[in-house]
Amino acid sequence: MVENNSFSSFLRTRLLMRFLASLFIAAVFFVGGCGNGHQSTANKSASNVTLPQYYMNGMVFQSGKPFIVKGKANPGASLTISIGAQSASTTAGADGTFRAKVPASPASLDPYELTVTSGGRVVKDIKRVYSGELFIAAGQSNMEASYDLYYKDDKDASINMKNVITRSDLPSLTKDANIHYIKTDQQSSDSPTTNLPLRYSTDSWLDASSSSNKMSYTAYYAAIAMRRKHPNVPVGVIDVSWGGTNISTQLGKIWNNHMNPLSGFNVGGVVWYQGESDSSYNIPSWMREQFYLNNNGKDLPGLIDKFRTLVGDEKLPFVVVQLTRSDLTNFFYSPIRDAQSKTVMQKENTVLVSTLDTDKGTSELIHPLGKDIIGTRAGEILSSMIAGDTPSQGPIPSQATTNGTTVTVTFKGDTGKGLKAMSPIYNRTATSSHYATADTSSDIDEVEVAGSDGVFQPAKARVSGDTLIVSAQGIKGSPTQVRYAWNNQPAHPNLYNGKNLPAGTFVMDIDGATVNPKPRSVLFNDDGGAGPVTLISGDAGTQAQIPAKVPVRTKYTFKEWNTQANGSGTAYHPGDAITIPDKNLTTLYAIWTN
């Protein structure tokens, strides 16, 4: 019995020694692994941290929302991001990406310091960041136009001023060190990127004290208006505008590196000024409007949705600047203006800046004067929207009804309160606070009514309380539609409201009226290719043929036309028959291979 007990004790001792030895070996491997970068990711420190390059000195975070800090570090690294007295911790994912929500610091003209620490040491430090109001300025050249880009060089000035104006007519730019901005360069990308292609500086945001000449006139005056309302709050502008781009391009390759880098980054809102390039297509005016308003998401409503998805805010304030007057040949602004008005009517938290009284008599220029008036209106609207207040805007039509030959137009919310007639000031004396004078009459000009044949005739109109009363004249049958300022360059658009703000171009179907059906059309979107925009038209259900001519694109080969932009729909090839669909506008997209 004693021998058996001794043997059992011996076995237990050997087993215990082997167990301890295995633990020791495992510990050695674990420690060794830590030294070679294979340790557990629980408390790993970062040796390198990179942020998108717009995270730099002078940047502005939107106050009242979490400050989003994102970037790349060593996979699994533990990070603490601090801005002022606020901080947040996060861990980099397997691909090294991280995103932290730092509680917002109060808006202040004084800067905060942003630090990223890991393993007890600071791995990233930005000395000056601000909490204030931040907005995206987007669109094409009338948003992009700045002194340095459009008027500094004599050749550029000659193109943009055309002996109509001189440099002395340009808006004055006061200095304000509490307006900070960045401007993207004109670079596109075939795939989404994380960095913005910055034009002027990769070291810090610019400010409107030393670099105001580089800043968009429209964005500058919007920022000035916001600063005037809240003088103790800095304003930041991310200017992603690109001259000469249509809305489809804005949603395509340009989006990849002008907007995608802002994914998940909190902003206060967007000011959008674009549409000139979409007005120049050689297609019927009613189709031009449909293309801008209803083009399978590649349109203004779709762009608004995409911006809101980008930053994760389905109610992001969005300000649409309506196109100004223009007498340029081959540009048809009215349908785009109406599409902009209709978009505002259908999209929540979207507001229109009416501009028919802003050009100061320079409507023959594609970049007319009046950016001070437009920017001021946009800034005042956006500031109110960010604060959750009801913004002031011009009359927005909501309904048109008829009684015999009399048409009554009512307006959205309180935009029709205090309707009246005012005369725009179309000369250089107009300012952001003095742009129209009171009319002695309540008669409203630039109003037309269409009969059952769809032909518009001039009509008499007058203000009656908060409604517009229109008397149809010389039309066929009963009134079917009413429109206002439907002209590239309306001579006297004089409909204003009690806020002294003008109505923009609009066309309304009259309730219950039967409008002659328009022909159905198929538009061919070359999606980055070169070649004229092509369309075929006909009655719904009739047969047509796909054109033989196809677009060309550098480094790509045309494959087919498709009903879906990603190629997942019905394919058509040159010479194929197509049945005209029963909808105003159908788009076929070019599919490319490389």
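These remarks concern the structure in this document. (Residues numbered from 1 in each chain as written. Predicted model: local features only at pLDDT ≥ 70, side-chain atom pairs only at ≥ 80, totals over all residues. Heavy atoms only, no water.)

A look at the overall build of the protein chain
Point 1. Looking only at helices and strands, the protein chain has eleven helices and 33 strands in total.
Point 2. In the protein chain, buried positions account for 52% of the 594 residues.
Point 3. Put simply, 72% of the contacts in the protein chain that link residues at least 6 apart link residues at least 24 apart.
Point 4. Accessible surface for the protein chain amounts to roughly 25400 Å². Of this, 49% is attributable to carbon and sulfur atoms. (Helix = DSSP H or I, 4+ residues; strand = E, 2+ residues; numbered from the N terminus. Buried < 20%, exposed > 50% of the residue type's maximum accessible area, 1.4 Å probe, protein only. Contact = heavy atoms within 4.5 Å. Areas by Shrake-Rupley, 256 points an atom, 1.4 Å probe, with all protein chains shown as cover.)

Let's talk about the environment of D305
Point 1. Mapped onto the elements of the fold, D305 is located in helix 9 (residues 300-311).
Point 2. Taking relative accessible area as the criterion, D305 reaches 37% and is therefore assigned partly exposed.
Point 3. In this structure, the C-alpha to C-alpha distance between D305 and L316, residues eleven residues apart in sequence, is 9.3 Å.

With respect to the sheet that holds strand 22 (residues 460-464)
Point 1. One open sheet holds the five strands; their spatial order is 15-16-23-22-19, and the pairing between them is antiparallel. Unpaired on one side and paired on the other, strand 15 (397-403) and strand 19 (443-444) mark the two borders of the sheet.
Point 2. Summarising the sheet, strand 22 and strand 23 (residues 467-471) pair through five bridges and their orientation is antiparallel. Looking across to strand 23, one finds that A461 is bridged to V470. (Pairing = 2+ DSSP bridges.)

A closer look at the side chain of N488
Point 1. Examined against the element boundaries, N488 turns out to sit in the loop between strand 24 (481-484) and strand 25 (495-496).
Point 2. If sequence neighbours within four positions are ignored, N488 has contacts with R325, S326, L328, F331, F332, Y333, S334 and R337.

Focus on the packing of helix 5 (residues 217-229) against helix 11 (residues 371-387)
Point 1. Two elements in contact, helix 5 and helix 11, have axes whose closest approach is 7 Å; the angle formed by their N-to-C orientations is 50°. In terms of axis orientation, helix 5 runs oblique to helix 11. Crossing angle aside, the handedness with which helix 5 passes helix 11 is right-handed. Contacts from Y217, T218, Y221, A222, A225, M226, R228 and K229 of helix 5 reach helix 11 at K371, D372, I374, G375, T376, G379, E380, L382, S383, S384 and I386. (Axes fitted to C-alpha atoms, helices over the stretch in contact; angles between N-to-C directions. Parallel < 35°, antiparallel > 145°, perpendicular 65-115°, else oblique. Left-handed = near helix turned anticlockwise from the far one by under 90°.)

A closer look at unusual backbone geometry
Point 1. For E446, which is not glycine, the phi torsion reads 65° and is therefore positive.
Point 2. With respect to the helices and strands, E446 occurs in the loop between strand 19 and strand 20 (447-450).
Point 3. A positive phi is found at A485, a non-glycine position, where the angle reads about 55°.
Point 4. Take A485: its relative accessible area is 0%, and that puts it in the buried class.

Topic: the side chain of S248
Point 1. For S248, the position within the fold is in helix 6 (residues 247-250).
Point 2. Looking at S248, its side chain comes within polar contact range of the side chain of N525, at 3.4 Å.
Point 3. When neighbours within four sequence positions are excluded, S248 is seen to be in contact with K298 and N525. (Polar contact = N/O pair within 3.5 Å; in protein donor to acceptor, adjacent residues only side chain to side chain.)

Remarks on the packing of aromatic side chains
Point 1. In the structure shown here, the tally under the stated rule is 15 aromatic pairs.
Point 2. The interplanar angle of 65° and the centroid separation of 5.0 Å between the aromatic rings of W255 and F307 together place this pair among those described as edge-to-face. Of this pair, W255 sits in helix 7 (residues 253-258) while F307 sits in helix 9, and the two are 52 residues apart along the sequence. Comparing W255 with F307, the two get one shared label, buried.
Point 3. An aromatic cluster is present here, built from Y54, Y55, F61, F67 and F265 joined pairwise through their rings.
Point 4. Seen from the ring of Y426, R325 lies directly overhead, with NZ or CZ sitting 3.6 Å from the centre.
Point 5. The cationic tip of R377 hangs over the ring face of Y435; the distance from NZ or CZ to the ring centre is 4.3 Å. (Phe/Tyr/Trp six-rings, centres within 6.5 Å; stacked < 30°, edge-to-face > 60°. Lys NZ or Arg CZ within 6 Å of the ring centre and 35° of its normal.)

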